[in-house]
Amino acid sequence: MAPGANDAIPRGGNKSWTTRSITVGLFGSDEKLEIPCMVHTKISELKQMLAGKTGVSEGNLEIYCKQGAYMTRVTDAHEVRAKLLVKGITSFSRQKKVYAHPHVIGGAGQGGLRMAIAFVQRKMFDIVVFERRERLGGNSWLEWANPQSKVQTELGTYHLNWSEKSEVPKGMPVWPSRDELLTHFEEVTDREGIRPYLRFKTEIMSVNIKEDKSTNELEFNFTLQDKATQQESNFQGASFLHFPGNLTNPRRETYQGEELFEGSINYGMFSEVNYENVTNNTVAIVGFGAFAVENIRTSCEYQAKKIYLLCRRKNLAMPRLISWEINSSVYPLSGAMVMRHMQKAYDMIGDDPWDYYAVQASADRQNVTIMQKSRFGIGDVYFLSRYFGACEVIVGSVKRLSPNTIHMDSGMKIEGVTAILKLLGFDPEWSVDKLMQLKEMKGFWINGDHRRCHFSELPEMNAQRFGGTSYSPGICQVSSWFTWFLNYPDDFKNMMSTGGAMIPTHKPDVAKNVPGHVIDAKLGATMFMMLGAMLPAPLAEYEANEAPHKRQKQWATHSLKEVIEAASAEWYKYCDMFKKHGYEKPIPKYLYTLEEVNAMVAEGDMDGDIQIAKQQARAK
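> A description of the overall build of the chain should follow, citing residues and the corresponding values.
Each helix and strand in the chain was counted, giving 16 helices and 33 strands. Along the first, second and third principal axes, the C-alpha set of the chain runs to 100 × 70 × 45 Å. Here the chain, with 620 residues, has 53% of them falling under the buried criterion. When the accessible surface of the chain is split by element, carbon and sulfur atoms take 50% of a total near 28200 Å². Charge centroids of the chain, computed over 73 positive and 72 negative side chains, lie 4 Å from each other.

And the structure:
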């Protein structure tokens with residue numbers, strides 16, 4: 001804005017705030033660019049604008065003007081001229097880098113499929129996806145889920161269409177089953193045209209990475225194994241984008257006396273459980289993560305009469321509509337708001353969630369941090385089963401087993417148990433670090449290299465604000481970043497050179513058994529925040545509509561009315577089941593009404609507006 005009449009005059013005279021337009025041409029080209037600017041605009045400012053537009057580093061640009069019969073180079077301190085020529089770029093349009101070999105994607109789970117879709121939607125067709133199984137779906141849905149598993153976060157925020165270039169899925173349940181979700185993956189794969197790029201039954205055994213020092217280019221030489229024939233082959237790629245997931249090594253534990261138990265003992269995954277064994281019987285679920293909460297639902301589906309949930313400490317579980325609210329939010333919801341909105345579910349079961357180990361709150365409960373080793377287990381049936389007494393939470397560890405009896409370390413005996421389901425979490429997979437030759441993660445890039453990318457769901461929880469409970473928004477966002485920087489590597493170099501020191505890093509920690517690629521929720525959130533503030537201008541503009549896009553996708557998939565109707569129908573179905581088993585408590589009304597949830601959404605929007613206003617005031 002031009003200075004007012006009373007502003008002090010800068011030393012050396014007045015600046016001219018008159019606007020004008022200059023013409024910038026290219027050496028060896030007829031291409032020209034008209035640029036509006038001020039009379040006092042400097043050459044350095046022009047270079048900065050051209051670098052942002054073209055992706056070429058400012059240091060590579062030289063500006064010239066004609067003086068008489070000669071072209072004279074203009075220094076950064078000079079003001080711009082009416083006509084200028086620039087050297088160092090071949091076009092004012094961004095030039096995508098051309099690679100000699102395909103981009104390689106590891107894994108055809110949701111992450112790898114989303115990455116492939118991002119490439120194809122951006123007209124980047126030189127890709128290949130290697131998947132060791134004979135079908136798509138990934139570890140989560142092909143190995144650890146069972147036919148009874150359902151999506152805990154609602155479909156509106158967990159699907160392959162989660163981008164501005166795709167239509168939301170329609171005609172599916174709010175919480176689809178494993179098989180319904182896998183069918184959705186197959187359909188989107190065909191509709192988006194990525195199936196020709198998938199190579200099944202092909203495992204990446206190793207990758208040899210060599211650098212050409214003269215060009216700074218990397219060669220990725222992959223050793224592949226055909227899982228059908230066990231034969232190996234070589235493949236050369238231009239980059240490696242890896243999506244192995246974090247659900248790779250289920251933690252296992254054997255209890256003393258298992259051979260005496262006289263009931264079934266299984267892990268509540270792998271499709272190894274015959275859930276008919278729990279029908280009209282008593283089942284013990286060991287663990288309190290999201291998979292354990294899901295197995296409470298499955299056990300209820302199979303008419304289990306009594307469920308014991310055995311855990312070392314209670315984790316926070318989440319009602320379905322609170323997950324929906326978080327995933328619909330334009331601004332991340334405060335931990336205090338999330339706690340208040342969950343309160344009525346905990347009141348129903350007689351628990352005070354503010355006393356849980358995961359909750360750290362100020363005295364007035366206005367500032368809340370939730371730190372939990374497990375992500376939220378999401379499901380209304382957890383609260384309903386505890387209300388009726390069908391599910392009982394017992395804090396402690398299993399000491400030993402005897403016939404149909406579990407002996408706890410506290411001395412307590414749980415008798416009449418006919419099935420034990422172990423859900424003990426997951427151990428990290430070190431082979432990923434080895435495969436990627438990882439020394440450190442720099443943001444979501446291995447060793448700070450834009451050609452080596454990795455992303456998987458962030459384990460644990462450690463946050464004061466919550467913007468999502470699902471994997472889809474995160475993978476959609478990073479896949480956009482990955483493709484951008486592969487197209488425009490100078491943008492990545494500029495970002496690293498100017499702000500690289502502020503981008504969080506993560507190194508392997510052998511003593512704590514934490515591989516470098518496993519990034520916890522707190523560090524991951526910091527990475528998203530810092531990287532979001534450093535994106536080059538064109539990418540930042542593209543990302544600017546992310547928050548409203550998130551809400552639009554959620555609401556377009558299923559309306560709030562449809563979500564509440566589905567949740568309510570499920571609620572009363574389970575109520576009827578518990579009554580048939582002889583539980584005498586009165587049937588409670590469903591937790592949330594349409595009016596209540598709309599009011600909660602409005603509260604979140606208002607709080608977000610207030611926070612933004614405070615930030616803007618501090619910035620002045």
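> Account for the sheet that holds strand S20 (residues 368-372), naming residues and giving values.
Here we have 3 strands laid out as an open sheet, ordered S19-S20-S31, and antiparallel in their pairing. With one partner strand each, in any of the chains shown, strand S19 (359-361) and strand S31 (461-463) form the two edges of the open sheet. Strand-to-strand twist of the sheet, defined as the mean angle between neighbouring strand axes without regard to direction, takes the value 20°. Judged from the 3 bridges that link them, S19 and S20 form a sheet pairing that is antiparallel. Among the inter-strand pairings, Gln360 is bridged to a residue of S20, identified as Thr369.

> With reference to specific residues and values, describe the packing of helix H6 (residues 320-328) against helix H7 (residues 335-349).
Contact geometry of H6 with H7 gives a least axis separation of 9 Å together with a crossing angle of 155°. As the angle between them shows, H6 and H7 are arranged roughly antiparallel. Where H6 crosses over H7, the handedness of that crossing is right-handed. Where H6 approaches H7, its residues Ile322, Glu325 and Ile326 are matched on the opposing element by Val338, His341 and Met342. Residues that form the contact of H6 with H7 fall into these classes: 4 nonpolar, 1 polar and 1 charged.

> Help me get a handle on helix H1 (residues 43-54), residues and values and all.
With 12 residues, H1 extends 16 Å from end C-alpha to end C-alpha; this agrees with the ideal 16 Å at 1.5 Å per step. Every buried residue belonging to H1 is among Ile43, Leu46, Lys47, Leu50, Ala51 and Thr54, and all of these are buried. Along H1, the residues classed as buried sweep out an arc of 135° about the axis, all on the same side. At its buried positions, H1 is contacted by strand S1 (19-26), strand S2 (32-38), strand S3 (62-67), strand S4 (70-74) and strand S5 (83-87). Phi for Gly55, located one or two positions after H1, is positive at around 85°.

> Could you give me a rundown of the confidence of the model for the chain, with the residues and numbers involved?
For any part of a model where pLDDT is low, the fine detail of the predicted coordinates should not be relied upon. Predicted confidence across the chain gives a mean pLDDT of 91, with 97% of residues reaching 70 or more. Every residue in residues 1-12 scores below 50 in pLDDT, and together they form 4 contacts with partners more than four places removed in sequence or on other chains.

> Go over the packing of H6 against helix H16 (residues 594-619), please, and point to the residues and values.
At a minimum axis distance of 10 Å, the contact between H6 and H16 shows a crossing angle of 35°. By crossing handedness, the relation of H6 to H16 is classed as right-handed. Along its contact with H6, which presents Leu321, Ile322, Trp324 and Glu325, the element H16 presents Val597, Met600 and Val601. The residue inventory of the contact of H6 with H16, partitioned by class, reads 6 nonpolar, no polar and 1 charged.

> Provide a residue-level description of the state of the cysteines, including the pertinent values.
Taken as a whole, this structure holds 0 disulfides when the rule is applied. Cys37 takes part in no disulfide bond, and the closest cysteine sulfur, belonging to Cys65, lies 14 Å away. With relative accessibility at 4%, the residue Cys65 sits in the buried group.

> How would you summarise the sheet that holds strand S23 (residues 398-402) if you had to cite specific residues and measurements?
The 3 strands are arranged S23-S24-S25 in an open sheet whose pairing can be described as antiparallel. The strands lining the two open edges of the sheet, one partner per strand, are S23 and strand S25 (413-415). When the angles between neighbouring strand axes are averaged without regard to direction, this sheet yields 20°. One ladder, built from 3 bridges, connects strand S24 (residues 405-408) with S25; its direction is antiparallel. Bridge pairing in S25 places Thr405 opposite Glu415.

> Describe in detail the nonpolar core, supporting the description with residues and values.
Judged by nonpolar contacts, the single largest core of 92 residues is most densely connected at Leu310, Leu321, Tyr382 and Ile406. Beyond its immediate stretch of four places on either side in the chain, Leu310 contacts Ala284, Ile285, Val286, Gly287, Ile394, Val398, Ile406, Met408 and Ile414. Ile105, Met124, Trp445 and Leu458 belong to the second-largest nonpolar core, a separate cluster that totals 73 residues.

> So, the pairing of S4: which residues are in play, and what are the values?
Judged from the 5 bridges that link them, S3 and S4 form a sheet pairing that is antiparallel. From the neighbouring strand, Ile63 faces S4, where its bridge partner is Val74. Hairpin connection of S3 to S4: 2 residues between the antiparallel strands, including Gly68 at a positive phi of 70°.

About the thresholds
- Residues numbered from 1 in each chain as written.
- Predicted model: local features only at pLDDT ≥ 70, side-chain atom pairs only at ≥ 80, totals over all residues.
- Heavy atoms only, no water.
- Helix = DSSP H or I, 4+ residues; strand = E, 2+ residues; numbered from the N terminus.
- Buried < 20%, exposed > 50% of the residue type's maximum accessible area, 1.4 Å probe, protein only.
- Areas by Shrake-Rupley, 256 points an atom, 1.4 Å probe, with all protein chains shown as cover.
- Lys, Arg positive; Asp, Glu negative; His and termini not counted.
- Charge placed at Lys NZ, Arg CZ, Asp CG, Glu CD.
- Pairing = 2+ DSSP bridges.
- Axes fitted to C-alpha atoms, helices over the stretch in contact; angles between N-to-C directions.
- Parallel < 35°, antiparallel > 145°, perpendicular 65-115°, else oblique.
- Left-handed = near helix turned anticlockwise from the far one by under 90°.
- Contact = heavy atoms within 4.5 Å.
- Nonpolar A, V, L, I, M, F, W, Y, C, P; charged D, E, K, R; others polar.
- Expected span 1.5 Å × (residues − 1).
- Arc of directions from axis to C-beta.
- pLDDT = per-residue confidence, 0-100.
- Disulfide = S-S within 2.5 Å.
- Core = buried A, V, L, I, M, F, W, Y, C linked by side-chain atoms within 4.5 Å.

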